[in-house]
Amino acid sequence: MQANDAKIDGPVFLYYDNSISSSSSNGNLVLEETVQSLLDRGLKPISLYDNLNSQQVASLSDLLIPHSYVSLGLSRFFSNELKRDGSSLFISDFQLIDVQELQEFNIDSTQQYDLVLLNDLNDDRNVFVDSLWVEVNPTDLSKLSIFVDFVASNAMDGNLVVKLMQEGRQLSSVVKNVEELDVVEFDVPIDEYGQYSLMISGDDVLYDNEFFFIREVSSKPAISILNNGDTRAIEQVFNNAALFETEILDIQNLDYELMSTSDLIVFNAFTELPSNLIEQFADKHFLIFPSDSIGTHSYDKLEGLSFSSRQADNLQIDMVDGNLLMRGIFEKNASPGSLPILVPTFNVQGSYEPIINYRDNSPFLLVNENKYVFNTALNTASGFETNALFLPILYQIAFSSVGGIEVPYVYPGNTIELNVSTSDTPIRIVKGGFEVIPTFNSSGSQTAIQVPENIDPGFYYLIQEEDTLRQIAINIPKEESVMISPTLEELRLVFEKYENVNVSEAYSGSENTVFATAEPVGLWKYALILAILLVLTETMLHRYFR
């Protein structure tokens, strides 16, 4: 519907999908002019509704605040739940609406509906963060590597600038061509904690141009090493007081209390595996390097596994793809020609996940529940400890024993697990003057809270009474960043069979909106008529007094 094609009479019930268009290009400007033209016409009552809960808001300015990221949805808009005595108006960008699903609506023929396409997202370009993770930099143990994976929506070319910020201070920046956009890496000091963000800009890139995350002070993995051979290789890996709390234990005089506080227990070069210790500390993580020959009976006590001896031969390990534990390690530390050739110790059958395989598909590194088992011995002529993969793989296993190096960032609707009880005092999400009590489930000393759907992105604190439990970073949902929507023509084609459904688009300009009057008379015309009347009056008076 072009301007002046139709007329909307009051009362009007207006719903606004304020998820993306209010943050993209000139969405607010178009909406404000569109609704203001309706108000200027004196159509009352006009009811303004937040689309998230269909709650009436006090004013147009309240409606314009982009504080919810969940759309009302057309199915609910057309449902009897929102049936009202008047015209129902839905202004939206119709983001990620499937045109095929629109065909299935059962629309009440007794009510008037007006759908207004606010912005055609197919004309917009966007690049957004798909995932972000952190690893220890194996070439510089004083630093962490931050890896960022991007997705381009409607952006096929042009340059992209990504800035790493810490509490308003720029630490680093990267310039990438969108066509070559892949994983971007930033290195930061390992002891630099606090609020971080990524600022994204580029050629016609719109919308969610800031991504928030936090580095919190985390506990160091506590590691106990039990050795039946030369332990130097493993000691050198975990002999980093900035990252680990490491103890070398005497197999003849075990400190059971110390083992009970360990996160990771390492067994190295055992022909007969001390399976009684694995049973006793079943809640711990284990890292096992066998000797060059094993007693299969003791290894068979690893639940669900069956071992047999293997004739010594040299095999090259394979590149691994898709396992989160190994993410980034092979790309950074190995090429197909540099992969180690090692000697497998055993054959194994049963229930396990292969993390890295040999070229014959037998496992080189497997995990069985919380037990990581390598299929090669250390300190041999072609030992694994001499390869560049040795350190980063062991680091990843160590950090996974305490939940990994976690970068806390969440999205609306995500669940956060906390080791606290809410039996007496609820947990609050707080930022400046904003405060909300989220939905939660509590069991004993464990509580799971759900991040509210209608919350702005940024940094927040989780507070119980006067205690700050932790800080979190909340980001815009990724689906809000995808620039896909039906076109005006597609919407009209779907609803053309309904006489009571009008489809239009919003225009900028006070005299060019979907709510322009059927026969508008501009103020300049009134001024012209008044000027003519004044001239005629002056002429007549002049003649009368001559």
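Residues numbered from 1 in each chain as written. Predicted model: local features only at pLDDT ≥ 70, side-chain atom pairs only at ≥ 80, totals over all residues. Heavy atoms only, no water.

Draft legend 1. Region of the structure containing the pattern of salt bridges. The final tally for this structure, using the stated rule, is 7 salt bridges. Here arginine 310 ties to aspartate 360 by a salt bridge, and the two come within 2.7 Å at their closest N and O atoms. Of this pair, arginine 310 sits in the loop between β17 (305-309) and β18 (315-316) while aspartate 360 sits in the loop between β21 (353-357) and β22 (363-368), and the two are 50 residues apart along the sequence. Judged by its relative accessible area of 16%, arginine 310 is buried. With a shortest N-O distance of 3.5 Å, lysine 371 and glutamate 369 are connected by a salt bridge. Given a relative accessible area of 61%, glutamate 369 falls into the exposed group. One network of salt bridges, in which partners are shared, links Arg310, Asp313 and Asp360. (Salt bridge = Lys/Arg side-chain N within 4 Å of Asp/Glu carboxyl O. Helix = DSSP H or I, 4+ residues; strand = E, 2+ residues; numbered from the N terminus. Buried < 20%, exposed > 50% of the residue type's maximum accessible area, 1.4 Å probe, protein only.)

Draft legend 2. Representation of the packing of aromatic side chains within the structure. By the definition in use, this model includes 24 aromatic pairs. Summarising the aromatic geometry, the rings of phenylalanine 289 and phenylalanine 374 are spaced 4.3 Å apart at their centres and angled 5 degrees between planes, so their arrangement reads as stacked. With a gap of 85 residues between them, phenylalanine 289 in strand β16 (residues 285-290) and phenylalanine 374 in strand β23 (residues 371-374) connect regions that are remote in the sequence. Side by side, phenylalanine 289 and phenylalanine 374 carry an identical accessibility label, which is buried. Ring centres 5.6 Å apart and planes at 65 degrees place the aromatic pair tyrosine 299 and phenylalanine 307 in the edge-to-face group. (Phe/Tyr/Trp six-rings, centres within 6.5 Å; stacked < 30°, edge-to-face > 60°.)

Draft legend 3. Molecular detail of helix α11 (residues 488-495). What α11 keeps buried is the set Leu488, Leu491, Val494 and Phe495. With its buried residues spanning 130 degrees around the axis, α11 presents them on a single face. When the buried face of α11 is taken as reference, the exposed residues oriented beyond 90 degrees from it are Glu489 and Leu493. Packed against the buried residues of α11 are α4 (99-102), β5 (112-117) and β31 (501-505). (Arc of directions from axis to C-beta. Contact = heavy atoms within 4.5 Å.)

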